[in-house]
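Chains, contacts and geometry: an overview
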Amino acid sequence: MIKKIDHIGIAVKNLSDALNTYKRLYGLDAIKIEKLQDIKVNVAFIPLGEVLIELLEPVEPGEGRIGKFLEEKGEGFHHIAFRVEDIHDAMRKLKKINIPLRDEKPRNGGDGSKIAFIEPISTQNVLTELVERDREVERD
């Protein structure tokens, strides 16, 4: 079901500051930055080998799940995302073995992906995202 790690999500208060940090410390640059208005988040994708680092900033402080996460826990690790071939099939398989999902159906994610989250109670308290992509993240 899982093909590989797609990305590691990091919640940040200020996307510009975080991008500067990744550039200064590690020499890494974002290949795509976009606003996902429906989930109230700005995202930047930074490639590192075959894995992406996804920096997530709330559109407005305190808004959406990322805004609430930052208020409760501060900046840092938010989730791990696994690439799947067919998100509908993956979700069906998880439901069949009674794994609770945050999403009843896939929703739109960054760069045209389809995503769904698994409730952390089933994954040792690690928020886990399933991602279906029909291509690698395209550069802006």
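Structure's up top.
Residues numbered from 1 in each chain as written. Predicted model: local features only at pLDDT ≥ 70, side-chain atom pairs only at ≥ 80, totals over all residues. Heavy atoms only, no water.

As for the overall build of the chain
For the chain, the helix and strand inventory stands at three helices and eight strands. Listing the helices and strands of the chain from first to last along the sequence gives β-α-β-β-β-α-β-α-β-β-β. A compact globule built from 140 residues would reach a C-alpha radius of gyration of about 14 Å, and the chain, at 15 Å, matches this within 12%. Counting only C-alpha atoms and orienting by the principal axes, one finds that the chain spans roughly 45 × 30 × 25 Å. Expressed as a percentage of the 140 residues in the chain, the buried residues total 46%. When the accessible surface of the chain is totalled, it reaches about 8100 Å², and 49% of it is carbon and sulfur. Taking the average place of the 23 positive charges on the side chains of the chain and the average place of its 26 negative ones, the gap between the two points comes to 3 Å. (Helix = DSSP H or I, 4+ residues; strand = E, 2+ residues; numbered from the N terminus. Rg over C-alpha atoms; globule rule 2.2 N^0.38 Å. Buried < 20%, exposed > 50% of the residue type's maximum accessible area, 1.4 Å probe, protein only. Areas by Shrake-Rupley, 256 points an atom, 1.4 Å probe, with all protein chains shown as cover. Lys, Arg positive; Asp, Glu negative; His and termini not counted. Charge placed at Lys NZ, Arg CZ, Asp CG, Glu CD.)

Let's talk about the pattern of salt bridges
Following the criterion strictly, the structure yields 14 salt bridges and no others. A salt bridge links arginine 83 to glutamate 136; the shortest N-O distance between them is 3.2 Å. Residue arginine 83 is found in strand 5 (residues 76-84), and its partner glutamate 136 is found in the segment after strand 8 (128-132); the two are separated by 53 residues along the sequence. Residue classification places glutamate 136 among the partly exposed positions, given a relative accessible area of 47%. Lysine 95 is the partner of glutamate 104 in a salt bridge, and the nearest nitrogen-oxygen pair spans 3.6 Å. Exposure remark for glutamate 104: the relative accessible area of 60% places this residue in the exposed category. (Salt bridge = Lys/Arg side-chain N within 4 Å of Asp/Glu carboxyl O.)

Considerations on the pairing of strand 2 (residues 32-36)
Judged by which residues are buried, strand 2 turns out to be one-sided: Lys32, Glu34 and Leu36 face inward and are buried, whereas Ile33 and Lys35, on the alternate face, are not. Sheet topology note: the strand 2/strand 3 (residues 41-48) ladder contains five bridges and is antiparallel. Bridge assignment links glutamate 34 to a residue of strand 3, and that residue is valine 43. (Pairing = 2+ DSSP bridges.)

Any link to function would need more than the numbers given here.
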